[in-house]
Amino acid sequence: MSEIQSLLDQGTLAYSLHDYEKSVQLLGEACRLLDDLHGSLAQENGDGYFLFGRALLQLAIQNSTVLGQSQVAVSATETEIEPTQEKDEEDDDDAEEEDDDATEEEDDDAAEDDFEQAWLLLDMARIVFGKETTPEKQLKLADTLLLLGDVCLETERFDDALTEYQQAIHIKKTHLSHDNRQLAEAHYKHALALEFSGQLPLALTEIENAVAVVKRRLSLLESSLSQDIKGKGKSKADDKVPGEEETKKEMDEIRDILPDMEAKVEELKSREEREAQAEHMLQRMLATHQPLQAIPSHLPVNDVTGLVKRKTPSAAESDCVEKKQKKDE
């Protein structure tokens with residue numbers, strides 16, 4: 001058991017240092033040993049599954065990002081190379097392009113496999129944590145749901161991401177205070193999924209919810225700091241009351257991120273207004289191009305023969321008619 005704990009600790013440390021590949025190796029071995037010791041999906045394995053799945057997700061994101069950057073770099077490099085043997089190199093260039101396409105497809109498949117593996121491990125953690133109803137396990141379940149939502153967001157399964165985030169928010173609202181920054185994170189992620197799925201009004205509401213949580217937290221910290229300075233008691237937040245330096249540090253963090261969050265609110269408001277204007281213009285354009293309506297068959301048809309103007313005969317035509325009449329007589 002000490003070996004498993006050592007692997008978990010080392011894997012968590014590697015994760016904190018952003019060495020996700022090493023973290024995945026260490027945590028994967030720890031989960032293998034946990035399964036051997038307790039059996040698959042045992043309650044004792046939940047934390048290991050969560051840590052392993054989280055590391056797999058970050059490794060998948062890292063590899064996906066590097067893949068995109070490398071393709072841009074390759075394109076830029078190819079643009080700078082001037083061909084010197086056009087005729088002889090055409091076939092070689094075509095072959096290289098085919099190889100590049102094949103490599104890109106393999107890399108894309110590998111990235112999808114990474115995300116799929118992350119999903120499988122996090123889903124196992126979801127099953128384990130979902131079996132217990134204690135606040136601690138339920139909050140771990142909520143954290144797992146957030147990560148599952150992240151997997152869906154990265155793989156553009158936005159509807160699934162919305163479901164995971166909504167469930168996580170519900171759990172966190174049940175067990176956390178209304179000023180807890182974990183709630184702000186959940187609201188923000190939910191807003192991103194709503195934005196990507198084209199639901200801007202709901203995305204705006206969720207971003208505003210996240211901002212409200214952070215502002216409440218800042219207000220609470222300011223009040224707590226003021227009370228600590230005056231020596232008039234402690235904060236009544238559900239988490240531990242931090243010391244003065246920790247309080248100031250968290251306040252600075254919030255003041256750093258709050259402008260970006262408020263800028264996101266303004267961005268969504270602006271986009272919503274532009275889309276509303278575009279929709280209004282489209283409706284006006286459609287209104288000015290209405291098709292002609294057909295006359296219903298049951299309505300009476302009026303005889304308009306009498307309204308038709310007849311052509312007045314010219315003088316030459318009149319003379320000709322008179323001569324013809326005299327001749328006939």
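Residues numbered from 1 in each chain as written. Predicted model: local features only at pLDDT ≥ 70, side-chain atom pairs only at ≥ 80, totals over all residues. Heavy atoms only, no water.

### A short note on the overall build of the protein
- Looking only at helices and strands, one finds 10 helices and 0 strands in the protein.
- Counting the 329 residues in the protein, one finds 32% classified as buried.
- Pairs at least 24 apart in sequence give 66% of the contacts found in the protein among residues at least 6 apart.
- Put simply, the protein shows about 21,900 Å² of open surface, and 51% of that area lies on carbon and sulfur atoms. (Helix = DSSP H or I, 4+ residues; strand = E, 2+ residues; numbered from the N terminus. Buried < 20%, exposed > 50% of the residue type's maximum accessible area, 1.4 Å probe, protein only. Contact = heavy atoms within 4.5 Å. Areas by Shrake-Rupley, 256 points an atom, 1.4 Å probe, with all protein chains shown as cover.)

### Points about the side chain of Glu 206
- Relative to the helices and strands, Glu 206 is located in helix α8 (residues 200–230).
- Of the buried charged residues, Glu 206 lacks a salt bridge, with Lys 173 as the closest side chain of opposite charge at 6.2 Å.
- A distance of 2.7 Å separates the side chain of Glu 206 from the side chain of His 190, its partner in a polar contact.
- Other than its neighbours up to four places away in sequence, Glu 206 contacts Ile 169, His 187, His 190, Ala 191 and Leu 194. (Lys, Arg positive; Asp, Glu negative; His and termini not counted. Salt bridge = Lys/Arg side-chain N within 4 Å of Asp/Glu carboxyl O. Polar contact = N/O pair within 3.5 Å; in protein donor to acceptor, adjacent residues only side chain to side chain.)

### Observations concerning unusual backbone geometry
- Here the phi dihedral of Leu 41 falls at roughly 65°; this positive angle occurs in a residue that is not glycine.
- With respect to the helices and strands, the residue Leu 41 is situated in the loop between α2 (20–38) and α3 (46–80).
- Taking relative accessible area as the criterion, Leu 41 reaches 27% and is therefore assigned partly exposed.
- Of note in this structure, Glu 156 is not a glycine but carries a positive phi near 60°.
- Counting through the fold element by element, Glu 156 comes out in the loop between α5 (135–154) and α6 (158–175).
- The class of Glu 156 is exposed, set by a relative accessible area of 60%.

### Observations concerning the confidence of the model for the protein
- On average, residues of the protein score 81 in pLDDT, and 69% of them are at 70 or above.
- A low-confidence stretch, residues 69–87 stays under pLDDT 50, and its non-local contacts, those more than four residues away or across chains, total 3 contacts. (pLDDT = per-residue confidence, 0-100.)

### Details of α5
- Relative to the 28 Å expected for 20 residues at 1.5 Å per residue, α5 spans 29 Å between its end C-alpha atoms, a close match to the ideal helical length.
- Counting buried residues along α5, 15 of its 20 residues qualify, which places the element largely inside the surrounding structure.
- Phi for Glu 156, located one or two positions after α5, is positive at around 60°. (Expected span 1.5 Å × (residues − 1).)

### Describing the nonpolar core
- Membership of the largest hydrophobic core comes to 68 residues, with the highest contact counts inside it found for Phe 52 and Val 151.
- Top element by residues in this core is α8. It accounts for 11 residues.
- If sequence neighbours within four positions are ignored, Phe 52 has contacts with Val 24, Leu 27, Gly 28, Cys 31 and Leu 121. (Core = buried A, V, L, I, M, F, W, Y, C linked by side-chain atoms within 4.5 Å.)

### Here we look at α6
- Between its terminal C-alpha atoms α6 stretches 26 Å, which fits the 26 Å expected from 18 residues at 1.5 Å a residue.
- Ala 161, Leu 162, Glu 164, Tyr 165, Ala 168, Ile 169, Ile 171 and Lys 172 are the residues of α6 that are buried.

### Here we look at the packing of α5 against α6
- At a closest axis distance of 8 Å, the pairing of α5 and α6 adopts a crossing angle of 160°. As judged from the angle between their axes, α5 and α6 are roughly antiparallel. As α5 packs across α6, the resulting crossing turns out to be left-handed.
- Here the residues of the contact of α5 with α6 are counted per class, giving 14 nonpolar, 4 polar and 5 charged. (Axes fitted to C-alpha atoms, helices over the stretch in contact; angles between N-to-C directions. Parallel < 35°, antiparallel > 145°, perpendicular 65-115°, else oblique. Left-handed = near helix turned anticlockwise from the far one by under 90°. Nonpolar A, V, L, I, M, F, W, Y, C, P; charged D, E, K, R; others polar.)

### Overview of the packing of helix α7 (residues 181–196) against helix α9 (residues 244–287)
- Interhelical geometry of α7 versus α9 gives an angle of 25° and a closest axis separation of 13 Å. In this view, α7 runs roughly parallel relative to α9, as classed from their interaxial angle. Regarding α7 and α9, the two cross each other, and that crossing is left-handed. On α9, the residues touching Arg 181, Tyr 188, Leu 192 and Glu 195 of α7 are Glu 250, Glu 253, Ile 254, Ile 257, Met 261, Lys 264, Glu 267, Leu 268 and Arg 271.
- Here the residues of the contact of α7 with α9 sort into 6 nonpolar, no polar and 7 charged.

### Here we look at the environment of Leu 141
- With respect to the helices and strands, the residue Leu 141 is situated in helix α5.
- Not counting residues within four places of it along the chain, the set of residues in contact with Leu 141 comprises Arg 126, Phe 129, Gly 130 and Ile 171.

### As for the packing of aromatic side chains
- Scanning all chains against the criterion turns up 2 aromatic pairs.
- With a centroid separation of 5.7 Å and 40° between ring planes, the pair formed by Phe 158 and Phe 196 is classed as tilted. Taken as a pair, Phe 158 in helix α6 and Phe 196 in helix α7 lie far apart in primary sequence, 38 residues in all.
- Residue Phe 196 is classed as partly exposed on the basis of its relative accessible area of 44%.
- Between the NZ or CZ atom of Arg 157 and the centre of the ring of Trp 119, over which it lies, the distance is 4.8 Å. (Phe/Tyr/Trp six-rings, centres within 6.5 Å; stacked < 30°, edge-to-face > 60°. Lys NZ or Arg CZ within 6 Å of the ring centre and 35° of its normal.)

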